[in-house]
Amino acid sequence: MYLVSSCLAGVNCRYNGGNSENKVMLKLVKEGKAIAVCPEQLGGLPTPRVPCEIIIDKNGNKKIVNREGKDLTKEFMEGAEKTLAIAKDKGIKRAILKSKSPSCGCGLVYDGTFSGTLVKGNGLTAELLIKNGFEVYTENDLETVPL
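Residues numbered from 1 in each chain as written. Predicted model: local features only at pLDDT ≥ 70, side-chain atom pairs only at ≥ 80, totals over all residues. Heavy atoms only, no water.

Visitor: When you look at unusual backbone geometry in this model, what are you seeing that I'm missing?
Guide: Trans is the common state for peptide bonds, and a negative phi is the common state for residues other than glycine. Cis rather than trans, the peptide bond between Thr-47 and Pro-48 has omega equal to -5°. By the element assignment, Pro-48 lies in the loop between helix H2 (39-42) and strand S3 (52-56). In this structure, Lys-100 is a non-glycine residue whose phi angle is positive, near 70°. Within the secondary structure, Lys-100 is located in the loop between strand S5 (94-97) and strand S6 (106-110). (Helix = DSSP H or I, 4+ residues; strand = E, 2+ residues; numbered from the N terminus.)

Visitor: Looking at this structure, I do not really get the pairing of strand S2 (residues 34-37). What am I missing?
Guide: Where strand S1 (residues 2-5) meets S2, four bridges bridge the pair, whose relative direction is parallel. Counterpart to Leu-3 in the pairing with S2 is Ile-35. The parallel pair S1 and S2, bridged by helix H1 (residues 23-30), forms a crossover whose chirality is right-handed. (Pairing = 2+ DSSP bridges. Right-handed = clockwise from strand over helix to strand, strands pointing away.)

Visitor: Hey, could you run me through the pairing of S5 in this one?
Guide: A regular strand carries its side chains on alternate faces of the sheet. Judged from the three bridges that link them, S1 and S5 form a sheet pairing that is parallel. Residue pairing in the sheet places Val-4 in a bridge with Ile-96 of S5. Pairing between S5 and strand S8 (residues 135-138): four bridges, direction parallel. Pairing of Ala-95 across the sheet is with Val-136, part of S8.

Visitor: What should I look at first to understand the pattern of salt bridges in this one?
Guide: Side chains that carry opposite charge are capable of pairing whenever their charged atoms lie near each other. A complete count under the given rule lists 10 salt bridges for this structure. In this structure, Glu-31 and Lys-27 form a salt bridge, with 3.3 Å as the shortest nitrogen-oxygen distance. Between Glu-135 and Arg-94 there is a salt bridge, and its shortest N-O distance comes to 3.3 Å. You can see Glu-135 sitting in strand S8 and its partner Arg-94 sitting in strand S5, a full 41 residues away along the chain. Connected through shared salt-bridge partners, Lys-27, Glu-31 and Lys-33 make up one network. (Salt bridge = Lys/Arg side-chain N within 4 Å of Asp/Glu carboxyl O.)

Visitor: Would you take a moment to explain the nonpolar core for this structure?
Guide: Looking at soluble globular proteins, one finds that nonpolar side chains tend to be buried together. Among the nonpolar cores identified, the biggest contains 14 residues, and Leu-3, Leu-97, Leu-129, Phe-134 and Val-136 are the most heavily contacted of them. Listed by contribution, the elements that provide at least two residues to this core are helix H3 (73-90), S5 and helix H4 (124-131). If sequence neighbours within four positions are ignored, Leu-3 has contacts with Ile-35, Val-37, Thr-83, Ala-87, Ile-92, Arg-94, Ala-95, Ile-96 and Leu-129. Residues Tyr-2, Leu-8, Tyr-137 and Leu-142 belong to the second largest nonpolar core, which totals 13 residues. (Core = buried A, V, L, I, M, F, W, Y, C linked by side-chain atoms within 4.5 Å. Buried < 20%, exposed > 50% of the residue type's maximum accessible area, 1.4 Å probe, protein only. Contact = heavy atoms within 4.5 Å.)

Visitor: What's the story with the side chain of Thr-125 in this structure? I'm lost.
Guide: Mapped onto the secondary structure, Thr-125 falls in helix H4. Those residues in contact with Thr-125, other than ones at most four positions away along the chain, are Pro-39, Gly-79, Ala-80, Thr-83 and Ser-103.

Visitor: Can you help me understand the packing of H3 against H4 in this one?
Guide: Pairs of packed helices are described in terms of their axes, by the angle between the two and the distance that separates them. Across the interface, H3 lies against H4 with an axial gap of 9 Å and an inter-helix angle of 40°. As far as their axial angle goes, H4 and H3 are oblique. Read as a crossing pair, H3 and H4 show a hand that is right-handed. Listed contacts from H4 to Thr-73, Phe-76, Met-77, Gly-79, Ala-80, Glu-81, Thr-83 and Leu-84 of H3 are Leu-124, Thr-125, Leu-128 and Leu-129. (Axes fitted to C-alpha atoms, helices over the stretch in contact; angles between N-to-C directions. Parallel < 35°, antiparallel > 145°, perpendicular 65-115°, else oblique. Left-handed = near helix turned anticlockwise from the far one by under 90°.)

Visitor: I keep staring at the environment of Arg-67 and nothing clicks. Help me out?
Guide: Relative to the elements of secondary structure, Arg-67 occurs in the loop between strand S4 (62-66) and H3. Residue Arg-67 is classed as exposed on the basis of its relative accessible area of 56%. The contacts of Arg-67, once residues within four sequence positions are left out, are Val-50, Pro-51 and Phe-114.

In structure tokens, the structure reads:
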């Protein structure tokens, strides 16, 4: 059983109101082999919403801010914690998440300048899952994911 980003399963929950449907993810959900979650919606954020990126504050802490400068770290953390709780409740240990997202990105995320620049790092949900022993992949890793 996998946890997958809802947007990859075709749910219109991305910041722009759209999705990033991936046929493999959609099939896994339809076959009951995956549960779709959107950490950002679980954290209470609306769809659509102003784009958000990760910044590192002057104390070295990760924060999530939207393009207008509003700090949404609390909402993103709440969504990450709820996602972890769902995965633990269902006995899930693997996740396939949306690349580059401030929640779900794994390996690369946007740098907080809203310029499209990627840097090494993980979104808050991906990071929390990894810290709790989960295998985390993105849709770009499907060749290496044990489906």
